[in-house]
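# Structural features, examined
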Amino acid sequence: MTYEELIKLPPPHFRRYIGVTQALFDKMTQILHQAYQIKHKKGGRHSAISMENKLLITLTYYREYRTQFHIGQDFGISESAVCKSIHWVESVLIKHPDFALPSKKSLWQDPDMDTVLIDATEVPIERPKKKQKRCYSGKKKRHTLKAQIVVNKADKSIICTHFSTGRCHDFTLFRHSKLTINEDKTIKVDSGYQGIQKQHSNSVSPQKNSKKHPLTQEQKKENRKLAAERITNEHVIGVLKRFRILSCRNRNRRKRFGLRFNLIAAIYNLELA
């Protein structure tokens, strides 16, 4: 389906097809047009594909995660042209200020932020040819890449991200991210962040059960209450993984994983706004 056919769909179907609303799609197209005019200010060979279709190719790739060969057949272009279009769109959008995440500074400077939710998610990848142990996740029993997201509980926006391989533990990834969070803000995490109280005194994590010290009914009730408050983070991860490039087995080079994850996170933030 080309852009000329896509705009004939009703707004709900438009969003279901590519993952963004028509208003955000038009905004992204405008940014691409401005970058294209600057690039070809002194002339040059013009692209055979319109900006709308280039963006549609990129969002279709994220949303459905089909092979670039199949997408090229739909648009009547080569596989290499699809790859170049995706890389150019990604490079333009990720540099634009509207697609920048709030960053770590807001964890200190934002007075309206009271509670911060931190969690990690894993994306399966193909088995590496070298250094396989570095990417092997004992929890998922396969090779993965791990992404940590920090969410503002008040407005459900993503503040910042950090990435590592699947072997890295959730709490180790948190320490490597070097987050400095104001003590006035409360951090709520899952059981994978045991020991975070030493890093941040105003943090809450579930109490763990053991054979010698089973949880009391009151402690179980507190854990359920914390899980209900943390469910926002799980919902955010679920929305991000509607783009199948973050849920299916990743076939791409790992060096662009962080760029694409941040771009999808920025799209999610703009959808909230």
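Higher on the page you've got the structure.
Presented here is a report on the structure given in the accompanying data block. For clarity, every value in this text was computed on a predicted model and none was experimentally measured.

### Brief notes about the environment of Leu 173
Within the fold, Leu 173 resides in helix α8 (residues 170-177). The buried category is assigned to Leu 173, whose relative accessible area is 0%. Excluding residues that lie within four positions of it along the chain, Leu 173 makes contacts with Lys 146, Ala 147, Gln 148, His 162, Phe 163, Ser 164 and Cys 168.

### Details of the side chain of Thr 144
Mapped onto the elements, Thr 144 comes out in strand β3 (residues 142-152). Apart from the residues within four sequence positions on either side, Thr 144 is in contact with Glu 122, Val 123, Pro 124, Ile 125, Cys 135, Ser 137, Thr 165 and Gly 166.

### A word on the pattern of salt bridges
Applying the stated criterion to the full structure yields 14 salt bridges. Here Arg 66 ties to Asp 74 by a salt bridge, and the two come within 2.8 Å at their closest N and O atoms. Under the relative-accessibility criterion, Arg 66 is labelled partly exposed at 27%. According to the relative accessible area criterion, Asp 74 is partly exposed, its value standing at 41%.

### A few points about the packing of aromatic side chains
Applying the stated criterion across every chain yields a total of 9 aromatic pairs. On the numbers, 5.7 Å between centres and 90° between planes, the contact of Phe 14 with Phe 25 is edge-to-face. Of the two residues, Phe 14 is situated in helix α2 (residues 11-18) and Phe 25 in helix α3 (residues 22-39); the sequence distance between them amounts to 11 residues. In this pair, the class of Phe 14 matches that of Phe 25, namely buried. Pairing Phe 174 with Tyr 193 gives two aromatic rings, centres 6.3 Å apart and planes at 85°, and the pair type is edge-to-face. Of this pair, Phe 174 sits in helix α8 while Tyr 193 sits in the loop between β5 (186-188) and β6 (203-204), and the two are 19 residues apart along the sequence. Members of the aromatic cluster, each reached through a chain of ring pairs, are Tyr 3, Phe 14 and Phe 25. Above the face of the Trp 88 ring, Lys 54 is positioned so that its terminal group lies 5.0 Å from the ring centre. Lying across the ring of Tyr 65, Arg 251 places its NZ or CZ 4.1 Å from the centre.

### Focus: the nonpolar core
Counting 55 residues, the largest nonpolar core has Leu 93 and Phe 99 as the members making the most contacts within it. For this core, the element with the most residues is helix α10 (residues 257-272), which contributes 9 residues. If near-sequence neighbours (up to four positions away) are discounted, Leu 93 is found in contact with Met 28, Ile 31, Leu 32, Leu 55, Phe 99 and Leu 263. If you look at the next biggest cluster of nonpolar residues, it comprises 16 residues, including Leu 107, Cys 160, Ile 187 and Tyr 193.

Conventions adopted
Residues numbered from 1 in each chain as written. Predicted model: local features only at pLDDT ≥ 70, side-chain atom pairs only at ≥ 80, totals over all residues. Heavy atoms only, no water. Helix = DSSP H or I, 4+ residues; strand = E, 2+ residues; numbered from the N terminus. Buried < 20%, exposed > 50% of the residue type's maximum accessible area, 1.4 Å probe, protein only. Contact = heavy atoms within 4.5 Å. Salt bridge = Lys/Arg side-chain N within 4 Å of Asp/Glu carboxyl O. Phe/Tyr/Trp six-rings, centres within 6.5 Å; stacked < 30°, edge-to-face > 60°. Lys NZ or Arg CZ within 6 Å of the ring centre and 35° of its normal. Core = buried A, V, L, I, M, F, W, Y, C linked by side-chain atoms within 4.5 Å.

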